[in-house]
Each structure stands twice: as C-alpha cells, then as structure tokens.
Amino acid sequence: MKGEITILKLFQKKRIKSLNEFLNIKDIKENYLYTLDEQVILFIKVYPMNIELLSDDELESKMNLASIEFSNEQFPYKIISIPRAVDISDHISEQEELKKQVKDDVCIKIINNRIIATTQMVENKNIIENEFYIMIYDVNKENIENELSKRANNWQNRLKNCELKSEILGERDIILLIKSFTIPEFARTEGADYTDNIVKIKSKGEYAKNK
C-alpha cells in the first residue's frame, strides 16, 4: 500500500504556471511593469544610428562622448538588444504612393521593379535590424514611479547629448516588447545565428592593442 501511494504521488500532475507567473509579471500600468518579486521596471527605446555613414574620427568622437555621458551611472540598468526581421512596409507604402503620382509607363515600371527587388531581397536573406532598449528598475517602494521617471529623463537627456533619439515605452509598447520574448518573429529559421548582426565598436587604441 505504501508503495502504491508513492507511485501515485509521482504521477500526480504538477500545477501549471500561468504565463504571467512564468514571465514574472504582476501588472503593467502606463510606463511601468510590476513584477511578482516586487520590482518595478521602466523601458527606454533607443533608436539606432547608422555608423556606416560616419568617418573613423566621427565614430571615435561619439564613442568618447558616450563614455563620458554614461560612465557615472550609479543605478542598476540593463541593455536589451532584440534582432528583428527588417520591416519594409513603410518603404513599400511610400513606393505605392509615388506610383499613383506618376503617369509615365517607364517610371511606373521602375517603381514596380524597385518594390519587387526590395521584397525579394528581404525574403531571400536573413536581413535583420536590432532594436535597443534600456531597462531601468528598482524595488517596489514608496514614490518609486517618480524616482524611475526622473532617472529615465536623465537617460534621455544624456542620449540626446549623444545625438541618439529615444522614447519611454507606454503600456501597449511594453506588452509588444514582452511578446518579443515569447513569440520572436525574427526566429524564422531554426538554429539561425544572428550574432554577427550585432555590431561591436572598438576605439583605435583597442584595435592597436588587439593587433
């Protein structure tokens, strides 16, 4: 009898966790995510800069400026980089609108070819772009929302000094960001490696040292 009870216990179903429990999410209100372990999180989206358009000296200057701006940060934060499939919907819409404005058959053909070429380029290759987020957080306590808001404004001012555009995520965008971790649409190919698409920048001194 004792052995039978032991076997029954082994086969008893474990309690299934809800998605909120699995993701450690208690609630999302306005700009803040509240976790089950009593943390409050605020997310800042940082829009990327095309460093290919910068000279070596300009890139070095921006790196030095960013180092000065962010080296004295005293509070906890994390940087999240999420690779996604390139969204060409705005570009396609722009081309479709342009096509309505022209009447010449040659121009229309050129625009159609441009749309087809762009679509095929994205479909046939693992072309992705990175989205960057700064996650600032602290223990849930009195006046924590105001405290995180002040820190976020400070981050945005420093990012602006580095000529980087940013925005604080609202409730809808936080939900979309969370979905990125549960249903990542960029993972189209099983086993795909996107490591090489995350650009790593080194100063001239570091290049010389590594050589």
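Here the structure is a predicted model, which is why all the values come from computation and not from measurement.

1. Observations concerning the pairing of strand S3 (residues 39-46)
Working step 1: Taken across its 8 residues, S3 has 7 buried, putting it largely inside the fold.
Working step 2: As defined by bridge partners, strand S2 (residues 32-35) adjoins S3 across 2 bridges and the pair is classed as antiparallel. Bridging from a neighbouring strand, Leu 33 pairs with Ile 41 of S3.
Working step 3: Hairpin remark: S2 followed by S3, antiparallel, with 3 residues in the connecting loop; positive phi at Glu 38, about 65 degrees.

2. Some thoughts on a negative patch on the surface
Working step 1: The grouping of Asp 87, Asp 90, Glu 94 and Glu 129 at the surface amounts to a negative patch.
Working step 2: Within the secondary structure, Asp 87 sits in the loop between strand S4 (77-85) and helix H4 (89-101).
Working step 3: Taking relative accessible area as the criterion, Asp 87 reaches 53% and is therefore assigned exposed.

3. So, the pattern of salt bridges
Working step 1: In total, this model carries 10 salt bridges according to the counting rule given.
Working step 2: With a shortest N-O distance of 2.5 Å, Lys 62 and Glu 163 are connected by a salt bridge. Of this pair, Lys 62 sits in helix H3 (residues 56-70) while Glu 163 sits in the loop between helix H6 (144-161) and strand S6 (166-168), and the two are 101 residues apart along the sequence.
Working step 3: On the accessibility criterion, Glu 163 (58% relative accessible area) is exposed.
Working step 4: Taken together, the salt bridges that share partners define one network made up of Asp 138, Lys 141, Glu 147 and Arg 151.

4. As for unusual backbone geometry
Working step 1: Unusually for a residue other than glycine, Asn 143 sits at a positive phi of about 65 degrees.
Working step 2: Of note, the phi angle at Glu 163 is positive, near 60 degrees, even though the residue is not glycine.

5. A look at the environment of Gln 74
Working step 1: Mapped onto the secondary structure, Gln 74 falls in the loop between H3 and S4.
Working step 2: Polar side-chain contacts of Gln 74 include one of 3.0 Å to the backbone oxygen of Asn 72.

6. Thoughts on the confidence of the model for the protein chain
Working step 1: Mean pLDDT for the protein chain: 78, with 73% of residues reaching 70 or above.
Working step 2: Every residue in residues 1-11 scores below 50 in pLDDT, and together they form 0 contacts with partners more than four places removed in sequence or on other chains.

7. Here's the deal with the packing of aromatic side chains
Working step 1: As enumerated under the stated definition, the model contains 2 aromatic pairs in all.
Working step 2: Its guanidinium or amino end placed over the ring of Trp 155, Arg 158 lies 4.7 Å from that ring's centre, counting from NZ or CZ.

8. Re the nonpolar core
Working step 1: By size, the foremost hydrophobic cluster in this structure holds 15 residues, and its most contacted members are Leu 42, Ile 44, Ile 134, Ile 136 and Leu 148.
Working step 2: Breaking this core down by element, the ones donating at least two residues are S2, S3, strand S5 (128-139) and H6.
Working step 3: At 5 residues, H6 tops the list of elements feeding residues into this core.
Working step 4: With 14 residues, the next largest nonpolar core counts Leu 33, Ile 80, Leu 177 and Ile 178 among its residues.

Calculation notes
Residues numbered from 1 in each chain as written. Predicted model: local features only at pLDDT ≥ 70, side-chain atom pairs only at ≥ 80, totals over all residues. Heavy atoms only, no water. Buried < 20%, exposed > 50% of the residue type's maximum accessible area, 1.4 Å probe, protein only. Helix = DSSP H or I, 4+ residues; strand = E, 2+ residues; numbered from the N terminus. Pairing = 2+ DSSP bridges. Patch = residues over 30% accessible without salt bridge, like charges linked within 9 Å, V, L, I, M, F, W, Y side chains within 5 Å. Areas by Shrake-Rupley, 256 points an atom, 1.4 Å probe, with all protein chains shown as cover. Salt bridge = Lys/Arg side-chain N within 4 Å of Asp/Glu carboxyl O. Lys, Arg positive; Asp, Glu negative; His and termini not counted. Charge placed at Lys NZ, Arg CZ, Asp CG, Glu CD. Polar contact = N/O pair within 3.5 Å; in protein donor to acceptor, adjacent residues only side chain to side chain. pLDDT = per-residue confidence, 0-100. Contact = heavy atoms within 4.5 Å. Phe/Tyr/Trp six-rings, centres within 6.5 Å; stacked < 30°, edge-to-face > 60°. Lys NZ or Arg CZ within 6 Å of the ring centre and 35° of its normal. Core = buried A, V, L, I, M, F, W, Y, C linked by side-chain atoms within 4.5 Å.

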